[in-house]
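Given next are the chains, with one letter for each unit.
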Amino acid sequence: MSTNVVLAQKQTPPEGGEPKNFTLPAKQEFKLPNGLEATMVPYGEIPKVTVNLVVQAGNVHEVPKENGLADIVGKLMEQGTATRNASQIAEEVARMGGSLHISIGPNQTYISGDVLSEYGPDLIRLMADILKEPAFPESELERVKNDFKRQMNLARAQPGTQAQMKFSNALYGDHPYGRGLPTDAEIDAYTLEQVRDFYQRQFGAQRTNIYVAGKFDASAMKDAISSSLSDWREGPARQIPVAKPVTKKNMFVIDRPAAPQSTIVMGLPVVDPSHPDYMALRVTNSLLGGSFGSRITRNIREDKGYTYSPYSSLSARYKVGDWYQQADVTTEHTGNSLKEIMYEIERLRKEPPTEEELKGIKNYEAGLFVLRNSTPGGIISQLNFLDLHDLPETFLTNQVQNIHAVTPEQVQQTAKQYLRPSDMTLVVVGDRKQIDKQLKKFQSELKSAPVTQ
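What comes next is a walk through the structure.

Conventions adopted
- Residues numbered from 1 in each chain as written.
- Predicted model: local features only at pLDDT ≥ 70, side-chain atom pairs only at ≥ 80, totals over all residues.
- Heavy atoms only, no water.
- Pairing = 2+ DSSP bridges.
- Helix = DSSP H or I, 4+ residues; strand = E, 2+ residues; numbered from the N terminus.
- Axes fitted to C-alpha atoms, helices over the stretch in contact; angles between N-to-C directions.
- Buried < 20%, exposed > 50% of the residue type's maximum accessible area, 1.4 Å probe, protein only.
- Parallel < 35°, antiparallel > 145°, perpendicular 65-115°, else oblique.
- Contact = heavy atoms within 4.5 Å.
- Nonpolar A, V, L, I, M, F, W, Y, C, P; charged D, E, K, R; others polar.
- 1 Å grid on protein atoms, 1.4 Å probe; cavity = no way out; pocket = protein on both sides within 12 Å on 5 of 7 lines; lining within 4 Å.
- Points joined across faces, edges and corners; volume = space filled by probe spheres on them.
- Core = buried A, V, L, I, M, F, W, Y, C linked by side-chain atoms within 4.5 Å.

1. As for the sheet that holds strand β1 (residues 28-31)
- Within the open sheet, the 6 strands sit side by side as β1-β2-β6-β3-β5-β4. Their pairing is mixed. Only two strands of the sheet have a single partner each, and these edge strands are β1 and β4 (99-104). Averaged over neighbouring strand pairs, the angle between their axes works out to 10° when direction is ignored.
- Taken together, the 7 bridges between strand β3 (residues 48-55) and strand β6 (residues 208-214) define a ladder with antiparallel strand orientation. When the bridges of β6 are listed, N52 appears paired with Y211.

Below, the structure written as structure tokens:
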């Protein structure tokens, strides 16, 4: 008995569709008399609504003796208000079929929540209570401080955090972006009076945006925002101290005896999102080291096996930015890894990528952008990014078009202009006994190698 096997011929997949720009759903914006700004965006059919209250008050607003104080303030805000304790808040949100949490970033504090659509106005009133009337219970202060110390000590023990802290300090110095993690002594010293003082100095309506996205009754949500937040004090005007990052070729080694891996961070200051070159720099970063199909990843992960998860990143801070490449590499290949990273940077500075290679990267970047806008929370993040960085709406609506407009020659020119090995700060965390000779050899080869002008 014979069996006929028919082999299907290999077919070329169909061409992808034309890239489409992002169309922001029709949004409603209004401003309360006290300066608080509101944005509401109807999105999707799932009967849930996401609400974010964002206050321009973060670690960047701490004076030198307040390192980490913004985090303590945020964590204590979760512990209750004048009329509700933490358990009552949690029960109330659970009854609404949702969740609520507070997080603190370098520039902002976020009170974020999502609930079933019919409870949207109730969520706003609850969040307004947390924002306007935090109890700052003294009974919770020690527990909050102890939890925060544990988090900081765990972070401080990580070689990646050690490398990042040293890199940031080298670039940003005494600016809050350059500060290290708060120590136990600093955290222990904070008093309830300092917590309340920071809140009074940094929180207020003029520094606050409320974003609503999802499925909701627009009239009811607007009424809830107006009735619950109009009576809040104006507070301070918006203000973030702009950093002046240092561009300097330097190498720092942090000894980690017997470490099986070395953690590498290398980079330099670059432009912020408001600069005309930013989108080309984003595409260049993605091609060089910022995506799984990037050149550095293929080189030191796929081809050489020196590392598992290298990546490069473009950090958008307020009015400034930086680019860095990070990788955890096997100790014996620390020098070789640095050599290959520099090789890929110089290769891109010397010759443009092919149209085919660049097309794949641009499709990846455009696709990521579309995914970021596929949820209410994603849309809120994008809108907050615009507001924080003082960007026009076209930054979003024309982004796909602008990504696809980047040419191979632009990528090469961008690498030449911004990714300059002669100006990069390098931090290595590893076993000094094992890596010192490798680093000296790398530095020697780097000095003798021709640099693309």
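2. A short note on helix α10 (residues 295-303)
- Restricting attention to buried positions, one finds in α10 the residues R295, I296, T297, N299, I300 and R301.
- Phi turns positive one or two residues past the end of α10, at G305, with a value near 70°.

3. Structural notes on the pairing of strand β10 (residues 321-330)
- Of all the 10 residues making up β10, 8 are buried; the element is thus mostly covered by neighbouring parts of the structure.
- Here strand β8 (residues 261-270) pairs with β10 via 10 bridges, running antiparallel. When the bridges of β10 are listed, T263 appears paired with D328.
- Bridge analysis of strand β9 (residues 311-316) against β10 gives 6 bridges, and the strand direction is antiparallel. Considered in β10, the bridge of S312 is made with Q325.
- Here β9 hands over to β10 after 4 residues, with K319 in that stretch at a positive phi of 65°.

4. Things to note about the environment of F395
- Inspection of the secondary structure assignment puts F395 in helix α14 (residues 394-397).
- Along the backbone, F395 and M96 are 299 residues apart, and their C-alpha atoms lie at a distance of 35 Å.

5. Overview of the packing of helix α9 (residues 278-290) against α10
- The N-to-C vectors of α9 and α10 enclose an angle of 5°; their axes lie 5 Å apart at closest approach. By the criterion of interaxial angle, the relationship of α9 to α10 is roughly parallel. Within the contact between the two elements, α9 uses L287, L288 and G289 and α10 uses R295, I296 and T297.
- Partitioning the contact of α9 with α10 into residue classes produces 3 nonpolar, 2 polar and 1 charged.

6. Section: the side chain of K362
- With respect to the helices and strands, the residue K362 is situated in helix α12 (residues 355-372).
- If sequence neighbours within four positions are ignored, K362 has contacts with V283, I403, H404 and V406.

7. Brief notes about the pairing of β1
- Pairing of β1 with strand β2 (residues 37-42) involves 4 bridges; the strand directions are antiparallel. Paired with K31 across the two strands is E37, which belongs to β2.
- Here β1 folds back onto β2 in antiparallel fashion, the turn holding 5 residues, of which G35 has a positive phi close to 105°.

8. Observations concerning the layout of surface pockets
- Considered as a void within the structure, the largest pocket measures approximately 680 Å³ in volume.
- Forming the boundary of the largest pocket are 32 residues, of which Y278, L314, A316, R372 and F385 lie nearest the centre.
- Secondary-structure elements contributing two or more residues to the lining of the largest pocket are β3, α9, β9, α12 and α13 (376-388).
- Here the lining of the largest pocket takes 7 residues from α13, the largest share from any one element.
- The residue inventory of the lining of the largest pocket, partitioned by class, reads 14 nonpolar, 14 polar and 4 charged.
- Empty space within the second largest pocket amounts to approximately 470 Å³.
- In this structure, the second largest pocket is lined by 21 residues; those nearest its centre are N59, M165, R179, G180 and L181.
- For the lining of the second largest pocket, the leading source of residues is helix α5 (residues 159-172), giving 4 residues.
- Residues belonging to the lining of the second largest pocket are distributed by class as follows: 10 nonpolar, 7 polar and 4 charged.

9. Examining the nonpolar core
- Of all hydrophobic cores here, the largest spans 56 residues; its most connected members are M266, W323, I345, L419 and M424.
- Considering every element that reaches this core, the biggest residue donor is α9, with 7 residues.
- When near neighbours in sequence (up to four residues on either side) are disregarded, M424 contacts K248, K249, N250, M266, G267, L268, W323, M342, I345 and L419.
- Counting 50 residues, the second largest nonpolar core, distinct from the first, contains I111, F136, L141 and F148.

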